[in-house]
Amino acid sequence: MKYIVYLFALLSFTTSCVAQQQTKPVLVIHGGAGTILKSNMTPEKEKAYRQALDEALAAGYAVLTKGGAALDAVEAAIKVLEDNPLFNAGKGAVFTNEGKNEMDASVMDGKTLKAGAVAGVTTIRNPITAARAVMDKSEHVMMAGPGAEKFAAQQGCVIVDPSYFFTQDRWDALQRVKAEDSTKTRLDHDGAKPGASIKQPGNRDSKYGTVGCVALDVHGNLAAGTSTGGMTNKKFGRIGDSPVIGAGTYADNNTCAVSCTGWGEFFIRLVMAKSVSDRMELAHESLDKAATEMIMHKLGQLGGDGGLIAVDRDGNISMPFNTEGMYRAYINADGKKEVLIYR
Ligand code: ASP
């Protein structure tokens, strides 16, 4: 009898230890950074953005609270944003110089450092799911163009006619950009009037944004994902930072998970997402110090703009941006939720 009581006590002690060891889940999303000014926003538009961010947050967080994997939460949240024409990803993707919608996406697992990406795809309804398939079901990290589409179809991803991605707003934005200067590309997340100018040469009418998500699950695993239509009027075959592991997306359980948005060329040159992780690992900087230094100093010094979202293995969050605004939302380790747009 004594032994049974002892065994029972041991069992309940172990169970409570395991329960205590569970990490508190954290989810952070973004819908792009850019010239997002309250003065250019109608109450209806703002409400629609807030609702969309809220919906994506709920989809991702539901996975985490059920004990699901950070990777699954990232995919679930991003799919909601890809299906919403408000954002420059999936259904709301911007147009290239040739009047096409060419999308990029990537995903990374912080536990295994496995990653998957697709670039320049035109027929995959949810590019983030195709990126996940590349990671899970192939021996590759990145697949592009028709090859990526063929692979996605084989893996059961939903394939649509390219016309699915047509939205009048984005089409009009392309015509405006071309009328101003057909050689310039534009970030697409600004509420500004056509031709509104921001710091960079070649003012950018950047209406809506790339989307991304980072998550920490109850098992202590980190994951990150990013999905985009790129930049309005981008040239033939241009690939931005979003599908480039280390630039637009990175996750490592030892440090953090990062998803970027902004002028992709600069993020590639700075190896942005991996640099945040490296600063934590090698220079022992906090997540916020590392992320803020990269965005507010390094990116600015180079003449680029944009922002990122990040979560570290302890559940700390950082969301720096050097633009007027960034669509972003989070649920932190205390369960506190916030949906933010402006600076
Ligand atoms: N980073 C994306 C790209 O350059 C654009 C964006 O974040 O809106 O393709």
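That block above? That's the structure.
Residues numbered from 1 in each chain as written. Predicted model: local features only at pLDDT ≥ 70, side-chain atom pairs only at ≥ 80, totals over all residues. Heavy atoms only, no water.

Trainee: Help me understand the environment of Ala257, please; the structure alone is not making it clear to me.
Mentor: Mapped onto the elements, Ala257 comes out in strand β8 (residues 256–262). For Ala257, a relative accessible area of 0% corresponds to the buried category. Spatially, the C-alpha atoms of Ala257 and Asn221 are 9.6 Å apart, while their sequence positions differ by 36 residues. In contact with Ala257, other than residues within four places in its own chain, are Val214, Leu222, Ala223, Ala224, Tyr250, Ala251, Ile309, Ala310 and Val311. (Helix = DSSP H or I, 4+ residues; strand = E, 2+ residues; numbered from the N terminus. Buried < 20%, exposed > 50% of the residue type's maximum accessible area, 1.4 Å probe, protein only. Contact = heavy atoms within 4.5 Å.)

Trainee: Hey, could you run me through the environment of Ser163 in this one?
Mentor: Mapped onto the fold, Ser163 is located in the loop between α5 (145–154) and α6 (168–181). When the C-alpha positions of Ser163 and Lys100 are compared, they lie 9.1 Å apart, and in sequence the two are 63 residues distant. Polar side-chain contacts of Ser163 include one of 2.7 Å to the side chain of Asp161. (Polar contact = N/O pair within 3.5 Å; in protein donor to acceptor, adjacent residues only side chain to side chain.)

Trainee: How should the packing of helix α8 (residues 272–283) against helix α9 (residues 287–302) be read in this particular structure?
Mentor: When two helices pack together, their arrangement is captured by the angle between the axes and the distance separating the axes. Close contact between α8 and α9 brings their axes to 8 Å; oriented N to C, the two are set at 135°. The orientation of α8 relative to α9 falls into the category oblique. Of the two possible hands of crossing, α8 and α9 adopt the one that is right-handed. On the side of α8, the interface is formed by Met272, Ser275, Val276, Arg279 and Met280, while α9 contributes Leu287, Ala290, Ala291, Glu293, Met294, Ile295, Lys298 and Leu299. (Axes fitted to C-alpha atoms, helices over the stretch in contact; angles between N-to-C directions. Parallel < 35°, antiparallel > 145°, perpendicular 65-115°, else oblique. Left-handed = near helix turned anticlockwise from the far one by under 90°.)

Trainee: I would appreciate a short explanation of the sheet that holds strand β12 (residues 337–342) in the present structure.
Mentor: Within a sheet, each strand pairs with its neighbour through backbone hydrogen bonds, oriented either parallel or antiparallel. Read across the sheet, 8 strands follow the order β4-β3-β2-β6-β5-β1-β11-β12 without closing on themselves; strand pairing throughout is mixed. Edge positions in the open sheet fall to β4 (142–144) and β12, since each of these has one partner strand only. Across the sheet, the axes of successive neighbouring strands diverge by a mean angle of 5°, strand direction being ignored. One ladder, built from 6 bridges, connects strand β5 (residues 211–216) with strand β6 (residues 222–228); its direction is antiparallel. Residue pairing for β6: Gly212 is matched across the bridge by Thr226. The sheet strands contacting helix α2 (residues 43–65) are β1 (26–34), β5, β11 (325–331) and β12, and the helix crosses β12 at an angle near 145°. (Pairing = 2+ DSSP bridges.)

Trainee: Sorry, what's going on with the packing of aromatic side chains here?
Mentor: Aromatic ring pairs: the centre-centre distance and the angle between the two ring planes describe each pair. The tally for this structure, following the rule as stated, stands at 8 aromatic pairs. Judged by centre distance (5.1 Å) and plane angle (70°), the rings of Trp263 and Phe266 are edge-to-face. In this structure an aromatic cluster arises from ring pairing among Tyr49, Phe87 and Tyr327. Sitting over the ring of Tyr164, Lys91 keeps its end group 4.9 Å from the ring centre. (Phe/Tyr/Trp six-rings, centres within 6.5 Å; stacked < 30°, edge-to-face > 60°. Lys NZ or Arg CZ within 6 Å of the ring centre and 35° of its normal.)

Trainee: Where do I start with the sheet that holds strand β10 (residues 317–318) in this structure?
Mentor: Taken in spatial order, the 4 strands of this open sheet run β7-β8-β9-β10, and their pairing is antiparallel. In the strand order of this sheet, the two ends are held by β7 (249–251) and β10, each with one partner. Two strands pair when backbone bridges link them, and β7 and β8 are joined in this way by 3 bridges, in the antiparallel orientation. The residue bridging Ala251 from the neighbouring strand is Ala257, located in β8. Strands in contact with α8 are β7, β8 and β9 (306–312); relative to β8, the strand with the most contacts, it is inclined by about 145°. Here α9 sits on the sheet and contacts β8, β9 and β10; the angle it forms with β9, its principal contact strand, is near 170°.

Trainee: Would you explain unusual backbone geometry in this entry?
Mentor: Generally, phi is negative for residues other than glycine and the peptide bonds are trans, each holding for most cases. Notably, Leu113 is not glycine yet its phi reads approximately 60°, a positive angle. Turning to its location among the elements, Leu113 is positioned in the loop between β2 (103–109) and β3 (115–121). The class of Leu113 is partly exposed, set by a relative accessible area of 41%. With a phi close to 45°, Val271 is a non-glycine residue in the positive phi region.

Trainee: Please clarify how the pattern of salt bridges should be interpreted in this entry.
Mentor: Opposite charge on two side chains allows them to pair when their charged atoms are near. For the structure shown, the criterion picks out 14 salt bridges. Between Glu46 and Arg50 there is a salt bridge, with the nearest N and O atoms lying 3.1 Å from each other. With Glu46 and Arg50 both in helix α2, this residue pair falls 4 residues apart, about one helical turn. Classification of Glu46 by relative accessible area gives buried; the value is 12%. On the accessibility criterion, Arg50 (30% relative accessible area) is partly exposed. Between Glu265 and Arg238 there is a salt bridge whose closest N-O contact spans 2.8 Å. (Salt bridge = Lys/Arg side-chain N within 4 Å of Asp/Glu carboxyl O.)

Trainee: Hey, could you run me through the nonpolar core in this one?
Mentor: Among the nonpolar cores identified, the biggest contains 52 residues, and Leu27, Ile29, Leu53 and Phe87 are the most heavily contacted of them. For this core, the element with the most residues is α2, which contributes 8 residues. Once you skip the residues sitting within four places of it in the chain, Leu27 turns out to touch Ala56, Leu57, Gly60, Tyr61, Leu64, Ala73, Cys213, Val214, Ala215, Ala329, Tyr330 and Ile331. Residues Val26, Leu287, Ala310 and Tyr330 belong to the second largest nonpolar core, which totals 38 residues. (Core = buried A, V, L, I, M, F, W, Y, C linked by side-chain atoms within 4.5 Å.)

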